[in-house]
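Topology and contacts: notes
The residues making up each chain are set out below.
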Amino acid sequence: MSTTNKRHKRTRAQESSSAIERMYITMRHLFNRGFYKPMGVSGETLREALLLLRPEIYGSIGEEKAELEGLLYVIDRLPQGIEECTFINLTSDEGYANSHFEPIIPPKRRRNCYRIDKEQMNIEITRGRSEIYDILTHLTFLFVESHKISKRVIIDEEGTTVRDWQKLETAVTSTKKLTQKEREIAITHTANILGRTFNELTEAYPKFATESQPERLLHIVYWLGKLAIEETVNNNKRTITFSPVLRERLGHHIHGEIWADTIKAVLHSNGLLQRPIHIISANMHSVMNSIFAKATLKGTDAKKNMFEVYELLSDSKNKALRNKVEKSALQSGMIYIKDTSGTNIDVQIFDTDKIDFSKTEFKCSEENKDNKPVIFVMDYAFGEQAYETLDEFLKPVTVNNKQVHLDVKSISIMGKAGILEGGKGDVMIPSAHIFEGTADNYPFRNELSKNDLVDCGVDVFEGTMVTVLGTSLQNKEILKFFKNSTWNVIGLEMEGAHYQKAIQAASKVRGSINKDVKVRYAYYASDNPLETGGTLASGGLGTSGVRPTYVITKKILEQIFNS
């Protein structure tokens, strides 16, 4: 009898998994409906699912006290000023770039946002469904946190507030610059409102500050609370709308098609369309630096090893050094295509026939110009966008009324991912991708192996990767299930299954590219969400990502040049 009971009891991981599924079904439903009120009945399922999940990245969302690290993570990915807006409108690329509205670009997510008036923020969606899920999840977190504030400050049904709130309001609405003493008094009252210590708030304070808004944390807390009070007392609910054009366009690969057509036109005009093409999905500096930094910066402190030089180049303060390498690359056959399609994916094309390999760390075995590789580097895609862009690029192109199939020799994906065993900066080599919430699996033969990276100075793990619907929805129970189940999961990321779906469709089903196309996947760990304080919300990689990035890049390039 006890075994039957045991079998029917749902584990926390199963509950979490169905909560994620419920969130995605709900978000699709709300999107089709065209609008919803996050703190009203329509947003209830999202709120309940998020509170049931209590994702690691959102820390103490389920507790009464406010969550500071999670708040910073979300605020960095949403436009400045969003906390003041009652109406948030998700739009397609509808021409705001040609208007008087200044684009607001969040520091940690490249997306154009426009403050239409005091009450409305428009957020431009050009990267597909994953971006909508990302934004709605972050907004749900923000609104849940805002109601924690209002609960702590409203005394009665008339909306009378506690003294702490009145003092915060005075500090935020003051036109004078706050003195250190005034700031500390305001922090004291805010700490009370948030249920956090003075120390915790003082520590978090500079992380929120910007040059134009040094007291930004006070401002965010005040406006989140103010709008939540208005919702509670006057029933003046915040509303999220989806523009009709966005609803009509989504899923039609409009941006991906424009992006791919632009690149193919550039390849054609430079006589590179018929050459062997190697695609690399990576950042915009590691391939360029790996090939050109050595010769360009040979005088830069000769005692430094190459990894120290790469660390220098990864620091945004060293703009002059970076520009020097870029100039050298542009003079040696690199073509840079700044994105104008709305995908936010910039591109570099390297014609290896124009590279003097004697000045690099690499040797190219190919002598014949027509067979010399063309390296096509695309910036990171976002979730489902990986399928849209790669699927469009791998399609044949029509030149002079003739269909030309691209000679794609290899596709390499290098990215950041959460690791389940190991720590920041370690490397993961996947053998398959599983799509979260389903048993959909994409096994492949990875040209990279653990042995290739054995001497790279970081730990290397081989196994299965889970492509998640959103990194901000995972909790420890789900992650432990991934790690301990027979799926043999080593990490989680957002694009792998989408890339693989496009590669398999083009090579095995549609016949757009060679069926034996070589595939390489390697990820370096940006965080270990199973470690307390090890999530993405605990801060960036810093320089710990430099070594794995360049070790992986070097191995990919060696395989390309010697294939």
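Now for a description of the structure that goes with this document. Everything numeric in this text was worked out from a predicted model, so none of it was measured.

Moving on to the environment of Thr-232. One can find Thr-232 in helix H9 (residues 216-234). With 78 residues separating them along the chain, Thr-232 and Ile-154 place their C-alpha atoms 9.2 Å apart. Look past the residues within four positions of Thr-232 in its chain and what remains in contact with it is His-147, Ser-150 and Ile-154. Side-chain polar atoms of Thr-232 contact the backbone oxygen of Ala-228, separated by 2.8 Å.

Moving on, we get to the side chain of Thr-140. Position of Thr-140 relative to the elements: it lies in helix H5 (residues 129-153). Under the relative-accessibility criterion, Thr-140 is labelled buried at 3%. A distance of 2.7 Å separates a polar side-chain atom of Thr-140 from the backbone oxygen of Leu-136. With near-sequence residues (within four places) excluded, Thr-140 lies in contact with Tyr-36, Leu-46, Arg-47 and Leu-50.

A separate point is the environment of Ile-25. Residue position: Ile-25 is located in helix H2 (residues 12-33). Separated by 385 residues in the primary sequence, Ile-25 and Ser-410 have C-alpha atoms spaced 36 Å apart.

Checked against the element boundaries, Gln-213 lands in the loop between helix H8 (198-208) and H9. With relative accessibility at 17%, the residue Gln-213 sits in the buried group. Setting aside anything within four residues of it in sequence, one finds Gln-213 in contact with Gln-80 and His-219.

Grouped together as the largest cluster of nonpolar side chains are 86 residues, with contacts concentrated most on Leu-90 and Leu-142. With 11 residues, the top contributor of residues to this core is H5. Beyond its immediate chain neighbours, meaning those up to four positions away, Leu-90 contacts Ile-123, Ile-125, Ile-132, Ile-135, Leu-136, Ile-240, Thr-241, Phe-242, Ser-243 and Leu-246. Within the second largest apolar cluster, 45 residues are counted, among which are Leu-267, Ile-337, Phe-376 and Met-428.

Attention now moves to the sheet that holds strand E5 (residues 120-124). Across the sheet, six strands lie side by side as E1-E6-E2-E5-E4-E3; this open sheet has mixed pairing. Single-partner strands in this sheet number two, and they are strand E1 (35-36) and strand E3 (103-104). Strand direction decides the pairing type here: strand E2 (residues 87-91) and E5, joined by five bridges, are parallel. Each residue of the ladder has a partner; that of Thr-91, found in E5, is Glu-124.

Rules behind the numbers
Residues numbered from 1 in each chain as written. Predicted model: local features only at pLDDT ≥ 70, side-chain atom pairs only at ≥ 80, totals over all residues. Heavy atoms only, no water. Helix = DSSP H or I, 4+ residues; strand = E, 2+ residues; numbered from the N terminus. Contact = heavy atoms within 4.5 Å. Polar contact = N/O pair within 3.5 Å; in protein donor to acceptor, adjacent residues only side chain to side chain. Buried < 20%, exposed > 50% of the residue type's maximum accessible area, 1.4 Å probe, protein only. Core = buried A, V, L, I, M, F, W, Y, C linked by side-chain atoms within 4.5 Å. Pairing = 2+ DSSP bridges.

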